[in-house]
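Fold and contact review
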Amino acid sequence: MFVCIRFLNDSGRLFQFTLIYAPCLFFLIVSARIVERLILKLYRKRGGNTRSVVFIGSDPANLLLYQDLNSEPTTGYIVKGYFSNNVIDKCPPEFVKLGSIDQLNEKMDDENENNDSFANHDELCLGKVDEFFCCLSHDENDEIIRIIRFCNNHFIHFHYVPRMYGNLNLNLKLEKFGDMNLFTNLREPLTYMSNRILKRSFDLLFSLVVCLLLLPLIPIIAIIIYSQSPGPVLFKQKRTGLNGKDFICYKFRSMHVNNQANNLQATKDDPRKYPFGEFMRRTNIDELPQFFNVLFGNMSVVGPRPHMTYHTNYYKDLIDKYMVRHFSKPGITGWAQITGYRGETKELWQMEERIRRDIWYIENWSFWLDMKIILKTFTTFFKHDKNAY
């Protein structure tokens, strides 16, 4: 790169030239990609660069995949229909049933014998299909093998679609285990040692700085708390942590001492709050002692918010994948909190959405995602969050 720039520049002002050349090159590359995508979309809308698709099986997973392929016409997929012994439940009329599995086998046999010459314009020719999406039970392995062999002989791309079990979409992902290919339902970047070391190093450094800055403020906060609500300065509560293990979570006490603290969420006009406690909750000051939890190793700066054990026991049987959120250390702030799902959960769907965001964070963790969440959280000190009460 340096040599190319040097040849392009003969004025001797290499630094100034680079300052102009680099952003211009970046702008041109991005613009070219945008123009390329627009041209491709227009081309596909007119029927070019398309791939014809046939589905096999009546599993609901096929319907979900069909909806994804059909959600945007510019993706370039033309779905011919599906072969199955049963009709797919809640299937739209556009997703037509082409026949049974036996009829599929007859068509494959005919096309193998006639080398596709029998096909006419009014009949679907399997040999002209670009891709098969198969979602059959492993008990039908002979049928699956037969379909794969047909695909191999007719230059058709074969895809096996993982089945759904009940209403559970496994969403399996490929991973390497030695020389074998396995499938997992959860991919966690933090299972890699390098990522864990990076995250823990940042946690230690960041929390150590915050704790040192917090030390001189603790006596002042303690005096204000005690003057408005006699009792302990710190609120200690057992919460669910990494791998479902309980730990003691620390906060500045923002409510009067009461016997509902371990089973009742704070509400907007909660009578248990006192004035300075309400201020601390609005500005997140009450969460600052949790940086000591980070130093102790049972929390992280960023992660799914730890729930009281009462809520863990309550929601784990109501929400699918609820306990998956504990595959990561709980955090002082998290993705769910900065995307509008913090505070009281009056209805079940609100907690379900929070859990979905917690699991998304676990599967998509990166150091820069943590930085984004921290910066977004920092703005709540200056811009009030309506859900912070």
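Residues numbered from 1 in each chain as written. Predicted model: local features only at pLDDT ≥ 70, side-chain atom pairs only at ≥ 80, totals over all residues. Heavy atoms only, no water.

Between side chains of opposite charge, a pair can form as their charged atoms come close. Here the structure, examined in full by the defined rule, presents 10 salt bridges. Of the charged contacts in the structure, one is a salt bridge between Lys251 and Asp286, with a shortest N-O distance of 3.3 Å. Taken together, the residues span a long stretch of sequence, with Lys251 in strand β11 (residues 246-252) and Asp286 in the loop between α8 (275-283) and α9 (290-296) at a distance of 35 residues. For Arg325, the salt bridge identified is with Asp358, shortest N-O distance 2.9 Å. Placement of Arg325 in the loop between α10 (309-315) and β13 (331-333) and of Asp358 in helix α12 (residues 348-363) is noted, with a sequence separation of 33 residues between them. You'll find Arg325 and Asp358 in the same group, each marked buried. Each of the salt bridges in this network shares a partner with another, and the network as a whole consists of Lys251, Asp286, Glu287 and Arg305. (Salt bridge = Lys/Arg side-chain N within 4 Å of Asp/Glu carboxyl O. Helix = DSSP H or I, 4+ residues; strand = E, 2+ residues; numbered from the N terminus. Buried < 20%, exposed > 50% of the residue type's maximum accessible area, 1.4 Å probe, protein only.)

Glancing now at the sheet that holds strand β2 (residues 77-83). Strand order in the open sheet made by the 5 strands is β3-β2-β1-β4-β5, with parallel pairing throughout. With partners counted over all chains shown, the strands left at the sheet margins are β3 (97-99) and β5 (157-160), one partner each. Direction aside, neighbouring strands of the sheet carry axes that sit 30° apart on average. Sheet topology note: the strand β1 (residues 51-56)/β2 ladder contains 6 bridges and is parallel. Across the sheet, residue Ile56 finds its bridge partner in β2, namely Phe83. Together, β1, β2 and β3 form the strand contacts of helix α4 (residues 101-114), whose direction differs from that of β2 by roughly 115°. (Pairing = 2+ DSSP bridges. Axes fitted to C-alpha atoms, helices over the stretch in contact; angles between N-to-C directions. Contact = heavy atoms within 4.5 Å.)

This part is about helix α5 (residues 141-153). With 13 residues, α5 extends 18 Å between its outermost C-alpha atoms, agreeing within 8% with the 18 Å of an ideal straight helix rising 1.5 Å per residue. Listed in full, the buried residues belonging to α5 are Glu143, Ile144, Ile147, Phe150 and Cys151. Mapping the buried residues of α5 onto a view down its axis gives an arc of 125°, with all of them on the same face. Seen from the buried face of α5, the exposed residues on the opposite side, beyond 90 degrees, are Asp142, Arg149, Asn152 and Asn153. As for α5, its buried residues are in contact with β1, α4, β4 (131-134) and β5. Phi for Phe155, located one or two positions after α5, is positive at around 55°. (Expected span 1.5 Å × (residues − 1). Arc of directions from axis to C-beta.)

The next subject is the confidence of the model for the protein. Summing up the model confidence of the protein, the mean pLDDT is 83 and the portion of residues at 70 or higher is 84%. Here residues 116-122 scores under 50 on pLDDT; set against residues more than four positions off or in separate chains, the count is 8 contacts. (pLDDT = per-residue confidence, 0-100.)

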